[in-house]
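Okay, here's what each chain looks like letter by letter:
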Amino acid sequence: FFFQAEDGIRDSSVTGVQTCALPILGLQASSVMTEDLPTTPEDMALLLETIERGDAFGPDTSGEMIDLLLRQTWRNRIPAGIPENVLVGNKTGDWYDAAHDVAIVFAPSGPYILAILSDGEGSEVTIVELSERIYEYYQSCRRPGALTLI
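Below, the structure is looked at part by part. Quick caveat, the model's predicted, so the values are computed rather than measured.

Points about the packing of aromatic side chains
Aromatic ring pairs are reported here in terms of the distance separating the ring centres and the angle at which the planes meet. With the rule as written, the count across this model stands at 2 aromatic pairs. For the ring pair Tyr 112 and Tyr 138, a centre distance of 5.7 Å and an interplane angle of 25° mean the geometry is stacked. Taken together, the residues span a long stretch of sequence, with Tyr 112 in strand β3 (residues 110–119) and Tyr 138 in helix α4 (residues 123–141) at a distance of 26 residues. Per residue, the accessibility class of Tyr 112 equals that of Tyr 138, and both read buried. Residue Tyr 138 is classed as buried on the basis of its relative accessible area of 18%. Through pairs of rings, three or more aromatic residues link up here, namely Tyr 112, Tyr 137 and Tyr 138.

Remarks on the packing of helix α2 (residues 41–53) against helix α3 (residues 59–70)
Running from amino to carboxyl end, α2 crosses α3 at an angle of 120°, the nearest separation of the two axes being 7 Å. By the criterion of interaxial angle, the relationship of α2 to α3 is oblique. For the pair α2 and α3, the contacting residues are Leu 48, Thr 50, Ile 51 and Glu 52 in the first and Ser 62, Met 65, Ile 66 and Leu 69 in the second. Here the contact of α2 with α3 is composed, by residue class, of 5 nonpolar, 2 polar and 1 charged.

Concerning the pairing of strand β2 (residues 98–107)
In summary, the side chains of a regular strand alternate between the two faces of the sheet. Across the 10 residues that make up β2, a large majority, 8, are buried. Direction of pairing for strand β1 (residues 87–95) relative to β2: antiparallel, over a ladder of 9 bridges. Each residue of the ladder has a partner; that of Gly 93, found in β2, is His 100. Taken together, β1 and the strand that follows it, β2, pair antiparallel across an intervening segment of 2 residues, in which Tyr 96 is found at a positive phi of about 50°. Looking at chain direction, β2 and β3 are connected through 10 bridges and run antiparallel. Counted as the bridge partner of Phe 106 is Pro 111 from β3.

Some details on α4
A rise of 1.5 Å per residue sets the reference length of α4, with its 19 residues, at 27 Å; its end C-alpha atoms lie 27 Å apart and thus fit the reference within 8%. By the burial criterion, the buried members of α4 are Ser 123, Ile 127, Val 128, Ser 131, Ile 134, Tyr 135 and Tyr 138. For α4, the angular spread of buried residues about the axis comes to 140°, placing them on one side. Exposed positions of α4 whose direction lies more than 90 degrees from the buried face are Val 125, Arg 133, Tyr 137 and Ser 140.

Quick notes on the rules
- Residues numbered from 1 in each chain as written.
- Predicted model: local features only at pLDDT ≥ 70, side-chain atom pairs only at ≥ 80, totals over all residues.
- Heavy atoms only, no water.
- Phe/Tyr/Trp six-rings, centres within 6.5 Å; stacked < 30°, edge-to-face > 60°.
- Helix = DSSP H or I, 4+ residues; strand = E, 2+ residues; numbered from the N terminus.
- Buried < 20%, exposed > 50% of the residue type's maximum accessible area, 1.4 Å probe, protein only.
- Axes fitted to C-alpha atoms, helices over the stretch in contact; angles between N-to-C directions.
- Parallel < 35°, antiparallel > 145°, perpendicular 65-115°, else oblique.
- Contact = heavy atoms within 4.5 Å.
- Nonpolar A, V, L, I, M, F, W, Y, C, P; charged D, E, K, R; others polar.
- Pairing = 2+ DSSP bridges.
- Expected span 1.5 Å × (residues − 1).
- Arc of directions from axis to C-beta.

This is how it looks when you write it as structure tokens:
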């Protein structure tokens, strides 16, 4: 998992380890060793699912990763569409005219994962609107239960 410097743990010496771990985690389209840093919403959702469940890294390390996501300072995308009293651990990404956000939303009806990768003007507004609509939908029709990937 590659956190930016504002998360306080960027370390170029472990990039190779991270790249080797990507296929082990099931991430097929992602790489941190190329200039364009390719990924997909599916890969990012799978990564967050692995972290949330503690499957790949163990409960302690996964808990630390969730704590980092909960302390994210950029809250103007997925978290902006969620009520303030709901915990949201997210990770934003920006690339040229692209705006991305992936999150674990700890909703009252149960946690869900939302991964939105977009590009073009107005992407941030679109992410907030999607986040709000998805939250409202899942709160209105979902019974508490297992983790959901969106």
